[in-house]
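Chain residues, written in single-letter form:
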Amino acid sequence: MLKNSTAQSQSRLQSILWQGSTLHLLDQRRLPLVTEYVVCDTADAVAEAIQEMVVRGAPAIGVAAAFGLVLAAQQGENLEEKATLLKAARPTAVNLMWAVDTMLQTPVSDWEKKAFALYDSDVLVNKAIGEQAQSLIPENATVIHHCNTGSLATVDYGTALGVIRIAHERGKNIHAILDETRPRLQGARLSAYECQAFGIPHTVIVDGAAPWVMRTRQVDCCIVGCDRVAANGDVANKIGTYALALAAKAHNVPFYVACPLSTLDLATPNGEAIEIEERSTKEITHIQGQLICPENTPVFNPAFDITPAALISAIITETGIITPPYADNLKALKSQGL
Ligand SMILES: CSC[C@H]1O[C@H](OP(=O)(O)O)[C@H](O)[C@@H]1O
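Just so we're clear, the structure is a prediction, and the values are computed from it rather than from any experiment.

About the cut-offs
- Residues numbered from 1 in each chain as written.
- Predicted model: local features only at pLDDT ≥ 70, side-chain atom pairs only at ≥ 80, totals over all residues.
- Heavy atoms only, no water.
- Domains from an automatic or database assignment.
- Buried area = accessible area lost by both parts, 1.4 Å probe.
- Salt bridge = Lys/Arg side-chain N within 4 Å of Asp/Glu carboxyl O.
- Pairing = 2+ DSSP bridges.
- Helix = DSSP H or I, 4+ residues; strand = E, 2+ residues; numbered from the N terminus.
- Contact = heavy atoms within 4.5 Å.
- Axes fitted to C-alpha atoms, helices over the stretch in contact; angles between N-to-C directions.
- UniProt positions renumbered as here; feature names shortened; annotations may be inferred.
- Buried < 20%, exposed > 50% of the residue type's maximum accessible area, 1.4 Å probe, protein only.

1. Quick notes on the domain arrangement of the protein chain
Its domain assignment divides the protein chain into domain 1 (3-124) and domain 2 (132-335). Each of domain 1 and domain 2 was reduced to a C-alpha centroid, and the two centroids are 23 Å apart. In total, about 2,700 Å² of surface goes out of reach between domain 1 and domain 2, with carbon and sulfur atoms giving 55% of it. At the junction of domain 1 with domain 2, the criterion picks out one salt bridge.

2. Side note on the sheet that holds strand 10 (residues 235-238)
Within a sheet, neighbouring strands are paired by backbone hydrogen bonds and run either parallel or antiparallel to one another. Pairing within the open sheet is mixed, and its four strands lie in the order 12-9-10-15. In this open sheet, the two edge strands, each paired with only one partner strand, are strand 12 (264-265) and strand 15 (304-307). Where helix 9 (residues 241-250) meets the sheet, it contacts strand 10 and strand 15, and its direction lies at approximately 35° from that of strand 15.

3. A closer look at the UniProt feature "active site" (unreviewed entry) in the protein chain
UniProt's entry tags D227 with the feature "active site" (unreviewed entry), counted in the numbering of this structure. Mapping D227 onto the fold places it in the loop between strand 8 (221-224) and strand 9 (228-230). Other than its neighbours up to four places away in sequence, D227 contacts A58, T92, A93, V94, N95, A236, N237, K238, T263 and F304.

4. Overview of the pattern of salt bridges
For the coordinates displayed, the defined rule picks out 14 salt bridges. Residues E277 and R90 are paired through a salt bridge, measuring 2.9 Å at the closest nitrogen-oxygen approach. Placement of the pair is E277 in the loop between strand 12 and helix 10 (282-285) and R90 in the loop between helix 3 (79-87) and helix 4 (94-104), with a sequence separation of 187 residues. On the basis of relative accessibility, which here comes to 4%, the residue E277 falls in the buried class. For R165, the salt bridge identified is with D156, shortest N-O distance 3.6 Å. The network of salt bridges with shared partners includes R90, R184, E277, R279 and E283.

5. So, the environment of M103
Relative to the assigned elements, M103 resides in helix 4. Its relative accessible area of 0% is what places M103 among the buried residues. Sequence spacing of M103 and F67 is 36 residues, and the spatial spacing of their C-alpha atoms is 9.5 Å. The contacts of M103, once residues within four sequence positions are left out, are A66, L69, V70, W111, K114, A115 and L118.

6. Considerations on the pairing of strand 3 (residues 23-26)
Every second residue of strand 3 is oriented toward a common face, with L23 and L25 on one face and H24 and L26 on the other, all of them buried. Here strand 2 (residues 16-18) runs beside strand 3; their pairing, made up of three bridges, is antiparallel. What sits directly across from W18, in strand 3, is L23. The antiparallel hairpin formed by strand 2 and strand 3 contains four residues in its connecting segment, where G20 sits at a positive phi of about 95°. Relative to strand 4 (residues 37-40), strand 3 is paired through four bridges, and the arrangement is antiparallel. If you follow L26 over to strand 4, its bridge partner there is Y37.

Rendered as structure tokens:
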């Protein structure tokens, strides 16, 4: 189902490549040391690639799933069944469900065009998020970032890392402090890879160092991505985000969340109602296949956590900056049809 390919994209950071009857996904499990694409030729293969984190990042998995449905339609498969399979690949990022539902609301004959529309709009949305955020990023800013939210987590540009990239492109002399983000190390492996590619000054730290950095150095803000925003402003994001937000609060450092409107899930009342994905114990007990714990060590591996709205200074979307009280302001957004 999943075949490897060394197909080169126009940009070495292109996470998703549609080839008409196959979907090529940059294997993010192997970056930065190996650049290799996994070729998916069925919806099942795309679902497997999402679950295995070949492709990851809320917007990226949504777009990948959309093309997975195109494969299902091309092959005359049961579309409802494959939509359910794709949605179930990972439970926390609402963009996955949103993208699949958007496809299901589109005539099947237009599915390939719709998948491309989602692909293209993601880039425009991310650039708009980056623009909206610039008023919050000062010159010579030092910013702490968690996980990976850049071109690899989206179709291109990214959300929180896109804000940092645009600040850099604007000559703001921004410095990104990148949480390595155990256990999958998206920060150390992927965000560092992106910052090097774009020439963004950066420093990788272990997750536990972020509070000490805020205590001992000038940190202008923290900016993170997001997998789901509940109606009251609670945010699901990569595990470790809650701890970072607590430390930011303790040190009076602004804590920003960057996400597209498609990540706002007003049908979910609060963070407690968001399903938190739990992943395999091997992600913690092994590093690159090497056992690092005693055999049979008990492990708890939530892939996300919930940051309460009270710890969030602002939520930056492509249409503007949302500030507290989030419940009222998110409801107002919805009433505007956004
Ligand atoms: C731009 S959303 C990226 C979002 O997704 C990451 O999770 P994962 O690497 O498990 O897909 C993380 O929560 C990021 O903030």
